[in-house]
Amino acid sequence: MEPVSFAHAELQVVPVAGGDDEVVLATNLTAADARALVEALSWQRARDHLVPAIETAEHVLALRELTALVDLLEVVADDPHGGPVVLNGPRLRLLAEAACRYAHERDGEGYVTGEVRDRVERLRNLTGPLFEWAARVAQADRRELARRW
């Protein structure tokens, strides 16, 4: 039986630079799910960051974050067994939005290959858990911030 991404996940509070804490999600991704997410992020990068001219610092930072996330997921995708990932709120939201957007836009295209159809279906199945975990991390982050004040 193939493992299921996000089946065993937990929220953790970890220290970050500057003495702050951040709530993150620690989970496992299958290689196939990681590969589908890499494709969705790469597709989004080509559409949003490589086609238009990058004119602001915010665009540069967004591209760097997206590229760093692609690099992280590539390692998991290249392992036949998948692997663990630790994702903060912004990265979870980025993944959820990329998966949702890719599935929506590519599914609406005319003819697509079987590989793309399979990827769209896989991303549709990941979208719900990604948005759910992103919301949980955001809620836990707010509670953690309130606790410190």
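Our subject is the structure that appears above.
The residue numbers shown here count from 1 along each chain, following its written sequence. Given that the model is predicted, a residue must reach a pLDDT of at least 70 before its local features are reported, and side-chain atom pairs must reach 80 or more before they are shown or counted; all residues, however, enter totals for whole chains, interfaces and linings. The basis for every side-chain value is the complete set of heavy atoms in the structure, and neither hydrogens nor water enter the calculation.

Draft legend 1. Local environment of the overall build of the protein chain. Helix and strand counts for the protein chain stand at 4 helices and 3 strands. Mapped from its N terminus to its C terminus, the protein chain presents α and β elements in the order β-β-α-α-β-α-α. At 16 Å, the protein chain has a C-alpha radius of gyration in line with the 15 Å of a compact globule built from 149 residues. Over its C-alpha atoms, taken along the principal directions, the protein chain stretches across nearly 55 × 45 × 25 Å. Each helix is a run of H or I in the DSSP string that is no shorter than four residues. Each strand is a run of E no shorter than two, and both are numbered from the N terminus. We compute the radius of gyration from the C-alpha atoms alone; for a globule the expected value is 2.2 Å times N to the 0.38, where N is the number of residues.

Draft legend 2. Structural view of the packing of aromatic side chains. In this analysis, rings of Phe, Tyr and Trp, with Trp reduced to its six-membered ring, are considered paired at centre separations within 6.5 Å, and the interplanar angle assigns stacked below 30 degrees, edge-to-face beyond 60, and tilted for intermediate values. Evaluation of the coordinates by the stated rule reveals 1 aromatic pair. Taking 5.3 Å as the distance between ring centres and 80 degrees as the angle between the ring planes, the aromatic pair formed by W43 and Y102 counts as edge-to-face. On the criterion of sequence distance, the pair formed by W43 in helix α1 (residues 31–50) and Y102 in helix α3 (residues 89–107) is long-range, its members being 59 residues apart. For the pair shown, W43 and Y102 are each scored as buried. Buried residues are those whose accessible area, probed at 1.4 Å on protein chains only, stays under 20% of the maximum for their type, while exposed residues exceed 50% and partly exposed ones sit between those limits.

Draft legend 3. Inspection of the environment of A34 at higher detail. For A34, the location among the structural elements is in helix α1. What makes A34 buried here is its relative accessible area of 0%. The criterion used for residue contact is that any of the two residues' heavy atoms lie within 4.5 Å. Those residues in contact with A34, other than ones at most four positions away along the chain, are L29, L73, V76 and A77.

Draft legend 4. How the structure looks around the pairing of strand β2 (residues 21–29). We treat two strands as partners when DSSP finds at least two bridges between them. Looking at chain direction, strand β1 (residues 10–15) and β2 are connected through 6 bridges and run antiparallel. Following the sheet pairing, V13 is matched in β2 by V23. Where β1 folds back on β2, the antiparallel hairpin that results is connected by 5 residues, among which G18 adopts a positive phi of roughly 90 degrees.

Draft legend 5. Highlighting the side chain of T127. Summarising the element assignment, T127 is placed in helix α4 (residues 114–148). Excluding residues that lie within four positions of it along the chain, T127 makes contacts with A96, A99 and C100.

Draft legend 6. Helix α2 (residues 57–78), seen in detail. Along its 22 residues, α2 runs 31 Å from first to last C-alpha, staying within 8% of the 32 Å computed at 1.5 Å per residue. Every buried residue of α2 is listed here: L63, L66, L69, V70, L73, V76 and A77. Here the buried residues of α2 occupy an arc of 140 degrees about the axis, which is enough to place them on one side. Exposed positions of α2 whose direction lies more than 90 degrees from the buried face are A57, L61, R64, V75 and D78. A helix is expected to reach a length of 1.5 Å times the quantity of its residues less one. In this description, the arc belongs to the directions extending from the helix axis to the C-beta atoms.

Draft legend 7. Seen up close, the packing of α2 against α3. Remark: α2 packs on α3, axes separated minimally by 11 Å, with the N-to-C direction vectors making an angle of 85 degrees. On the basis of the axis angle, α2 is roughly perpendicular to α3. Across the interface between the two elements, E65, L66, A68, L69, L72 and L73 of α2 pack against R91, L94 and L95 of α3. When its residues are assigned to classes, the contact of α2 with α3 shows 7 nonpolar, no polar and 2 charged. Every axis corresponds to a line fitted to the C-alpha atoms, with the helix fit spanning only the stretch in contact, and the corresponding angles, defined between N-to-C directions, vary from 0 to 180 degrees. Working rule for angles: under 35 degrees goes down as roughly parallel, over 145 as roughly antiparallel, 65 to 115 as roughly perpendicular, anything else as oblique. Side-chain classes follow a simple rule in which Ala, Val, Leu, Ile, Met, Phe, Trp, Tyr, Cys and Pro form the nonpolar group, Asp, Glu, Lys and Arg form the charged group, and the remainder, Gly included, forms the polar group.

Draft legend 8. Representation of the nonpolar core within the structure. Joining through side-chain atoms within 4.5 Å is the link that ties buried Ala, Val, Leu, Ile, Met, Phe, Trp, Tyr and Cys residues into a set, and such a set is a nonpolar core. In this structure, L37, L41, L73, L123 and L130 are the most contacted members of the largest nonpolar core, which totals 37 residues. Elements that contribute at least two residues to this core include exactly β2, α1, α2, β3 (83–88), α3 and α4. Of the residues forming this core, the biggest block, 9 residues, is contributed by α4. Once residues lying within four places of it in the same chain are set aside, the contact partners of L37 are L29, L73, L95, A99, L123, L126 and L130.

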